[in-house]
Amino acid sequence: MNRPNWDQYFMEMAELASKRATCLRRKVGAVLVKDRRILATGYNGAPKKLPHCEETGCLRKQKNVPSGQRHEICRGIHAEQNLIAQSALHGVKTEGATVYCTDQPCSICTKLLINAGIKNIYYKRPYDDEFTKSILDQSEISYEKLK
């Protein structure tokens, strides 16, 4: 029997959440966990009740915006942003929780996770951004790439 450990289990749940993503460039999923319980999930896509990029096309591609730049030029919200929004909408306390994310959070999401009181971030795919690394190093959040 090949039973996953807790980190593997929650990362697989983040991968499952990413399958709901509607971004044409990158499918990202995130899971908020505390005391081995899933509190909320998030994936990247357009805000609620707005057309998805699958319908409208990718604004970033149309404007030739490189990955990692000009995050505001996008119809979608990131998985981590969606996770925090879902937590707020449903009254879920984020303080002291852990986030499992398929991709390392960007600087904007990292700042939101810091202010949400997240204790740990585990990610699968790195995101090469020195600024994000520097603010994480200055924060009280532990972060780690899982194999």
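Heads up: the structure comes first, above all this text.
Below you will find a few notes about this structure. Just so you know, these numbers come straight off a predicted model, no measurement behind them. (Residues numbered from 1 in each chain as written. Predicted model: local features only at pLDDT ≥ 70, side-chain atom pairs only at ≥ 80, totals over all residues. Heavy atoms only, no water.)

This part takes up the environment of Lys111. With respect to the element layout, Lys111 can be found in helix H5 (residues 107-115). By relative accessible area, which is 44% here, Lys111 ends up partly exposed. For the pair Lys111 and Trp6, spaced 105 residues apart in sequence, the C-alpha separation works out to 26 Å. (Helix = DSSP H or I, 4+ residues; strand = E, 2+ residues; numbered from the N terminus. Buried < 20%, exposed > 50% of the residue type's maximum accessible area, 1.4 Å probe, protein only.)

A sheet is described by the order of its strands in space; here 5 strands give the open sequence E2-E1-E3-E4-E5, paired in mixed fashion. Two strands close off the open sheet at either side, each with one partner strand: strand E2 (37-43) and strand E5 (142-145). In this sheet, neighbouring strand axes are inclined to one another by 20° on average, regardless of whether the strands run parallel or antiparallel. By the bridge criterion, 6 bridges tie strand E1 (residues 29-34) to E2 in an arrangement that is antiparallel. Paired with Val33 across the two strands is Ile38, which belongs to E2. Helix H4 (residues 79-89) rests against E1, E2 and strand E3 (98-103) of the sheet, and its axis sits at about 130° to E2. (Pairing = 2+ DSSP bridges. Axes fitted to C-alpha atoms, helices over the stretch in contact; angles between N-to-C directions. Contact = heavy atoms within 4.5 Å.)

Taking a probe equal in size to a water molecule and rolling it over the atoms shows the remaining empty space. Considered as a void within the structure, the largest pocket measures approximately 400 Å³ in volume. For the largest pocket, the lining is made up of 23 residues, of which Cys23, Arg26, Asn44, His71 and His78 are closest to its centre. Considering only residue class, the lining of the largest pocket consists of 10 nonpolar, 8 polar and 5 charged. Of the volumes computed, that of the second largest pocket is approximately 280 Å³. In terms of lining residues, the second largest pocket is bounded by 15 residues, among which Tyr43, Ala46, Lys48, Asn82 and Gln86 are the most central. Looking at the lining of the second largest pocket, the elements with two or more residues in it are E2 and H4. Broken down by element, the residue count for the lining of the second largest pocket peaks at 4 residues, all from H4. Within the lining of the second largest pocket, the residues separate by chemical class into 6 nonpolar, 7 polar and 2 charged. (1 Å grid on protein atoms, 1.4 Å probe; cavity = no way out; pocket = protein on both sides within 12 Å on 5 of 7 lines; lining within 4 Å. Points joined across faces, edges and corners; volume = space filled by probe spheres on them. Nonpolar A, V, L, I, M, F, W, Y, C, P; charged D, E, K, R; others polar.)

For Arg36, which is not a glycine, the phi torsion comes out positive at approximately 60°. Tracing the sequence through the fold places Arg36 in the loop between E1 and E2. Non-glycine residue Lys49 carries a positive phi angle of around 70°.

Quick look at the pattern of salt bridges now. Tallying each qualifying case throughout the model produces 6 salt bridges. We note a salt bridge from Arg125 to Glu15, for which the minimum N-O separation is 3.4 Å. Highlighted residues: Arg125 in strand E4 (residues 120-125) and Glu15 in helix H1 (residues 6-18), separated in sequence by 110 residues. Note that Lys133 and Asp137 form a salt bridge whose closest N and O atoms lie 3.0 Å from each other. With a gap of 4 residues between them, Lys133 and Asp137 both fall in helix H6 (residues 130-138), about one helical turn apart. The partly exposed category is assigned to Lys133, whose relative accessible area is 36%. Since its relative accessible area comes to 46%, Asp137 is described here as partly exposed. Residues participating in the shared-partner salt-bridge network are Glu15, Asp103, Lys124 and Arg125. (Salt bridge = Lys/Arg side-chain N within 4 Å of Asp/Glu carboxyl O.)

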